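# A look at the structure
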Amino acid sequence: LLSMGDACGEPFLERAIALDERNTPAACEAGIQFWMGKSEHDRAQRWLRTSDAWEGRVRTAIRERERITKEDQFIVSSANPEVLQELIESIAAHPKVQSAWLAKKVLFEFPDQELHILGVTFKRFLGLAHGEEKAMEELAQSLVFPTDLRLFHLNEPEVRWMRKRFGTQPTWLIYTAS
């Protein structure tokens, strides 16, 4: 209706957002264009504010996913058994991997877009300068997982806190080399 110049289409934009918040950018763009085209800048402002709020949430979500800190909360992964088995088989194909833990980061913005953390240790810690960097790259390239997955080498000093925390959660341990 908006494309035909009828303001009665505005509630449909609101309904689209209510049904799925991922419709927000397109709905806002349509609302802004409609009201700006009619030189009703005050009414366009409402859609600009909604768009700005959405963009703020997106920026927050990006920051939330970029950083993994000691303050973050983690829970057991909700991956289905087939996906988990495929991940374990990928890990097992790398002979240098000693152990692997999988957890899901608790996210506040867009929690339905999951972020999993995979922490691994190697059979013998020699430091990344002695071949483990290459092993990490090979492992990262071989992993297939349906959600965002971040890979960490848990023997590295900056993430040893993660190894300690993950080690206290037996349900997060998904692989141990035999």
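Everything below is about the structure printed above this text.
What comes next concerns the included structure.

## What about a positive patch on the surface?
Taken together, the side chains of Lys 70, Arg 160, Arg 163 and Lys 164 make up a positively charged region of the molecular surface. Note on placement: Lys 70 falls in the loop between α3 (41–66) and β1 (74–76).

## Quick word on the side chain of Asn 155
Along the polypeptide, Asn 155 turns up in the loop between β4 (148–153) and α6 (160–167). Residue class for Asn 155 comes out buried when judged on its relative accessible area of 8%. A polar contact is formed between the side chain of Asn 155 and the side chain of Arg 163, at a distance of 2.3 Å.

## Focus: helix α4 (residues 81–92)
When the terminal C-alpha atoms of α4 are compared, their 16 Å separation across 12 residues agrees well with the 16 Å that a helix rising 1.5 Å per residue should span. The complete set of buried residues in α4 reads Val 83, Leu 87, Ile 88, Ser 90 and Ile 91. With its buried residues spanning 160 degrees around the axis, α4 presents them on a single face. Facing away from the buried side of α4 by more than 90 degrees, the exposed set consists of Pro 81 and Glu 82. Buried residues along α4 sit against β2 (97–105), β3 (115–122), α5 (132–142), β4 and β5 (173–176). For α4, the side-chain oxygen to backbone nitrogen distance between the N-cap and Glu 82 is 3.0 Å, and the N-cap itself is Asn 80.

How each quantity is defined
- Residues numbered from 1 in each chain as written.
- Predicted model: local features only at pLDDT ≥ 70, side-chain atom pairs only at ≥ 80, totals over all residues.
- Heavy atoms only, no water.
- Patch = residues over 30% accessible without salt bridge, like charges linked within 9 Å, V, L, I, M, F, W, Y side chains within 5 Å.
- Areas by Shrake-Rupley, 256 points an atom, 1.4 Å probe, with all protein chains shown as cover.
- Salt bridge = Lys/Arg side-chain N within 4 Å of Asp/Glu carboxyl O.
- Lys, Arg positive; Asp, Glu negative; His and termini not counted.
- Charge placed at Lys NZ, Arg CZ, Asp CG, Glu CD.
- Helix = DSSP H or I, 4+ residues; strand = E, 2+ residues; numbered from the N terminus.
- Buried < 20%, exposed > 50% of the residue type's maximum accessible area, 1.4 Å probe, protein only.
- Polar contact = N/O pair within 3.5 Å; in protein donor to acceptor, adjacent residues only side chain to side chain.
- Expected span 1.5 Å × (residues − 1).
- Arc of directions from axis to C-beta.
- Contact = heavy atoms within 4.5 Å.

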